[in-house]
Amino acid sequence: MKLRSPLSSVGWGINRTNLFFVFAGLFVFSLAFRLVGLNRCTLSGDEFHTVEEIKYFGLNIHSLLYFLFMKVWTFFGTSEIWLRFASVLFGAFACCLIYMLGSLLINARMGFLLGLLLATSPLALYHSQSLRFYSFFLMNSTFAWLAFAYFYFQRSLRAGLLWGVADIFCILSHGFGIFLVAIQFLVLFFLSKRRRLWKIIICGLGVFILLVFAYVFREKAHDMLQHYAHAVTVHGYIESRGFGIVNLGKLAITIYQFVLGNSVYPMLWFLVIPAFSIHAVLLFIAIQRMKENRLLKAIMGVSFFTLIFIVLGLDSFAPKTTGVQFRYLLFLLPVYYLALCFGVSRFSGRWALVFSTALILINLGASFCYFKGDWSFSGKRVSWHDMEVFLENETTDLPVFYGGRAEPYFRYYFSDFQNMHSAWDLLNIEKQEEDLSRILLVFFDFRKEMHQELNNILRNVENEYTLKRKIVRPPLTALIYEKNNDSAPPSIQKPLPQELLGMEFMDLDFPFNLSVQGQEIEILGPLTITDELIKKVHYQNDFSTKHLTLLSNLTGSVSIPDGVMIGRIRIISKEGRLDLPIVKGEETHSWMEEDLLRKGKTAEPVFSWRKRIHMAGKRAYSGSWRDFEAKIYSYEYGLEDEVKIESIEFEVFEPGVELRVWGIL
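Residues numbered from 1 in each chain as written. Predicted model: local features only at pLDDT ≥ 70, side-chain atom pairs only at ≥ 80, totals over all residues. Heavy atoms only, no water.

If you tally the helices and strands in the protein chain, you get 18 helices and 14 strands. Partitioning the contacts of the protein chain with sequence separation of at least 6, the portion at a separation of at least 24 is 74%. About 31,400 Å² of surface is accessible on the protein chain, with carbon and sulfur atoms providing 60% of the total. (Helix = DSSP H or I, 4+ residues; strand = E, 2+ residues; numbered from the N terminus. Contact = heavy atoms within 4.5 Å. Areas by Shrake-Rupley, 256 points an atom, 1.4 Å probe, with all protein chains shown as cover.)

Our next topic: the nonpolar core. In terms of nonpolar packing, the biggest core is built from 137 residues, with Leu260, Phe331, Trp384, Phe410 and Leu440 touching the most fellow members. Beyond its immediate chain neighbours, meaning those up to four positions away, Phe331 contacts Phe137, Ser141, Trp145, Phe176, Phe179, Leu180, Ile183 and Ile310. Counting residues in hydrophobic clusters, the runner-up holds 23 residues, among them Leu554, Ile566, Ile569 and Ile648. (Core = buried A, V, L, I, M, F, W, Y, C linked by side-chain atoms within 4.5 Å. Buried < 20%, exposed > 50% of the residue type's maximum accessible area, 1.4 Å probe, protein only.)

Tallied over the full model, the rule gives 46 aromatic pairs. Between Tyr66 and Phe133 the ring centres are 6.1 Å apart and the planes differ by 65 degrees, which places this aromatic pair in the edge-to-face class. You can see Tyr66 sitting in helix α3 (residues 64–73) and its partner Phe133 sitting in the loop between α6 (122–128) and α7 (134–154), a full 67 residues away along the chain. Classification of Tyr66 as buried rests on a relative accessible area of 0%. (Phe/Tyr/Trp six-rings, centres within 6.5 Å; stacked < 30°, edge-to-face > 60°.)

Secondary-structure assignment places Asn140 in helix α7. Apart from the residues within four sequence positions on either side, Asn140 is in contact with Ala166, Phe169, Cys170 and Ser173.

Below, the discussion takes up the pattern of salt bridges. The final tally for this structure, using the stated rule, is 11 salt bridges. Measuring nitrogen to oxygen at the nearest pair gives 3.7 Å for the salt bridge that ties Glu482 to Arg438. Taken together, the residues span a long stretch of sequence, with Glu482 in strand β5 (residues 476–483) and Arg438 in strand β3 (residues 438–444) at a distance of 44 residues. Of the charged contacts, one joins Arg570 and Asp579 as a salt bridge, the two residues approaching to 2.9 Å between their closest N and O atoms. Residues joined in a network through salt bridges with shared partners are Glu394, Arg438, Arg469 and Glu482. (Salt bridge = Lys/Arg side-chain N within 4 Å of Asp/Glu carboxyl O.)

Where helix α14 (residues 333–344) contacts helix α15 (residues 350–372), the axes come no closer than 9 Å and their chain directions differ by 150 degrees. Judged on the interaxial angle alone, α15 and α14 are roughly antiparallel. Across the interface between the two elements, Tyr337, Leu340 and Val344 from α14 touch Ala352, Phe355, Ser356, Leu359 and Asn363 from α15. (Axes fitted to C-alpha atoms, helices over the stretch in contact; angles between N-to-C directions. Parallel < 35°, antiparallel > 145°, perpendicular 65-115°, else oblique.)

The subject of this paragraph is unusual backbone geometry. The phi torsion at Arg155 lies on the positive side, around 55 degrees, for a residue other than glycine. Tracing the sequence through the fold places Arg155 in the loop between α7 and α8 (157–173).

This brings us to a nonpolar patch on the surface. A contiguous nonpolar surface patch, about 310 Å² in accessible area, is contributed by Val165, Ile168, Phe169 and Leu172. Tracing the sequence through the fold places Val165 in helix α8. (Patch = residues over 30% accessible without salt bridge, like charges linked within 9 Å, V, L, I, M, F, W, Y side chains within 5 Å.)

Take Ser573: it is sitting in strand β10 (residues 565–573). Note: C-alpha distance between Ser573 and Ile645 (72 residues apart in sequence) is 4.6 Å. With residues up to four places along the chain from it excluded, the contact list for Ser573 reads Val643, Lys644, Ile645 and Glu646.

Here we take up the environment of Ile572. Within the secondary structure layout, Ile572 lies in strand β10. Linking Ile572 and Ile645, residues 73 residues apart in sequence, is a C-alpha distance of 6.1 Å. Setting aside its immediate chain neighbours within four residues, Ile572 contacts Lys536, Arg577, Ile645, Glu646 and Ser647.

Here we come to the side chain of Ser128. With respect to the helices and strands, Ser128 occurs in helix α6. Ser128 sits in the buried class, given a relative accessible area of 1%. Every residue in contact with Ser128, bar those within four places of it in the chain, is listed here: Arg34, Arg84, Ser87, Val88, Gly91 and Ser135.

Reading across from one edge, β2-β1-β3-β5-β4 is the order of the five strands in this open sheet, with mixed pairing throughout. Edge positions in the sheet fall to β2 (420–422) and β4 (465–473), since each has one partner strand and no second. Geometrically, the sheet is characterised by an average inter-axis angle of 20 degrees between neighbouring strands, direction not taken into account. Pairing of strand β1 (residues 400–404) with β2 involves three bridges; the strand directions are parallel. Looking at β2, one finds that Tyr402 is bridged to Ser422. (Pairing = 2+ DSSP bridges.)

This part takes up a positive patch on the surface. Where like charges cluster on the molecular surface, the positive patch consists of Lys193, Lys291, Arg294 and Lys297. Examined against the element boundaries, Lys291 turns out to sit in the loop between α12 (269–288) and α13 (294–314). (Lys, Arg positive; Asp, Glu negative; His and termini not counted. Charge placed at Lys NZ, Arg CZ, Asp CG, Glu CD.)

With eight bridges connecting them, β10 and strand β11 (residues 576–583) associate as antiparallel partners. The residue of β11 that forms the bridge with Gly567 is Ile582. The turn linking β10 back onto β11 is made up of two residues.

Time to look at helix α5 (residues 108–120). For α5, spanning 13 residues, the distance from its first C-alpha to its last is 18 Å, which sits close to the expected 18 Å at 1.5 Å a residue. When you tally the buried positions in α5, you get 11 out of 13 residues, the bulk of the element. In the core, the buried residues of α5 are packed alongside α1 (19–35), α4 (80–105), α6, α7, α14 and α15. The N-capping residue of α5, defined by a side-chain oxygen 3.1 Å from the backbone nitrogen of Arg109, is Asn107. (Expected span 1.5 Å × (residues − 1). Polar contact = N/O pair within 3.5 Å; in protein donor to acceptor, adjacent residues only side chain to side chain.)

This brings us to the packing of α7 against helix α9 (residues 177–191). Between α7 and α9, the shortest axis-to-axis distance is 11 Å and the interhelical angle comes to 15 degrees. Accordingly, the angle class assigned to the pair α7 and α9 is roughly parallel. Of the two elements, α7 crosses α9, and the hand of that crossing is right-handed. Across the interface between the two elements, Phe137, Ser141, Ala144, Trp145, Phe148, Phe151 and Tyr152 from α7 touch Gly177, Leu180, Ile183, Gln184, Val187, Leu188 and Leu191 from α9. Of the residues belonging to the contact of α7 with α9, the class tally is 11 nonpolar, three polar and no charged. (Left-handed = near helix turned anticlockwise from the far one by under 90°. Nonpolar A, V, L, I, M, F, W, Y, C, P; charged D, E, K, R; others polar.)

If you want it as structure tokens, here you go:
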């Protein structure tokens, strides 16, 4: 069966004469669309891993071909935009390739629509603006689908060689490319009349795959089994995921990302409802028309069951709790768009134009949400451009002490700063050989793994230094200190516990100050106390007061009636100790309840926000959140005598209750 030329005049006047203009138009449009806001976000954690992996080839085996290319690419520059520009090019080339694929499998008009869909796809756009190999994976996956379709129609040696090269490129772009190759062989098996021969070929392919990947997993296999055994015996199957219907949620989220990307949250129903309605109609029509295109029918069917296998099989029994990430499934995005366009091809004239326009508008709407920076399944990124503004007037000889994961970020964006040290050196700052009159402490702790260590460092530093400037953009913290001058009067600082530095909720947009009873209190993050974790906070300057205002809230206290004492505050002063009760419904309150006010003296809500909480605990897939309104409450304690406070200790008695202290003054 010979190849039907995709260059013939079909729909919209696309023929050999203007093919160059179609390709150039798609490429330029895709390129321009991906260049918008390319540097609006600074490099993220995974992107910095890519920078390191480019330097040391072979450090990441997932996409060896990509790192080989980037090794050459970085010879011409290492700026933020230049590094990401490679992904932009891959995304633009993918749009041209999918045009050819659509022209080959459906017609040239649908091929052009496919190119526009991929050009405006919010999911493809996101990966085209990231310094990672997923845009490269998408391009090579599209190339592999195109080469496979070409081989199916041509059945020539040249077509077979092209298909083989494309599949190798796809596998070297990402390990999950092996699933694409498996789908292709299964499609040929189902469409072939010589199934006995294909059984031999598939078995041979399976043996080959095992031999190739045996070396890759040789060193990791023992660690994976050990991790699984440890999870079973110690953590009671918490980390060993096991088979569960809840994993089907990942299938829904995968389809959601194919439709709207990962940035439409909270749900914009005026976009979500029409988007899924139109996509569902077109997919239903495509399924009904499967008999009209045997190749597309086989590709769609095998791809769907492969997705089910990955979600319920590979993902369910993966030792890691995160399982398969959505971006690993990008090789199925061209198939999904093919199904949509196959549904559109059922119509002609006005209705074809209506459905085509609707699909493009859906993509543009979701892409607008992406550019706008709405909350997404991947979380918000920290902008290091804020740090550039913060340090724009500082000299480059300012000693820098970095902690957490701050080092690679700081060395990339502030390479002029040469005098750099580990933040842990500040635990013995008095032993520093050089005279440090001014220091810069930079801490980047995204997972809050070093939260306590940071507070220990701060308490030690502030024995000899005074805080002059700061920037807190959780999880980024930057502080400039100057050494205390004995002849100068003591600095007056707000009596805020140092423990409060560092957000625990990464998905919140807080104001930096709240006005409570006419006083401005700075909100930097919560101090969390449970019945197993008593916390004590110190004050840099002793202060005297007859009033204390507690800003706090509770979680896990819905079953506890109001008026029950759930903990205490212990004030430690030179005069001795003073214990104050923490009573639910008065001094603080659970944010789960709607009826917040009680008769008499109660806590008053001073700030509320929309909170997102996991629906299914540790088994929840990324992005499985539920909205509810959360509040911070203030309560004033009146003391009989003036007390000079040195430190305050918080304790909770009730099991399962978490007290979050946002401030105390």
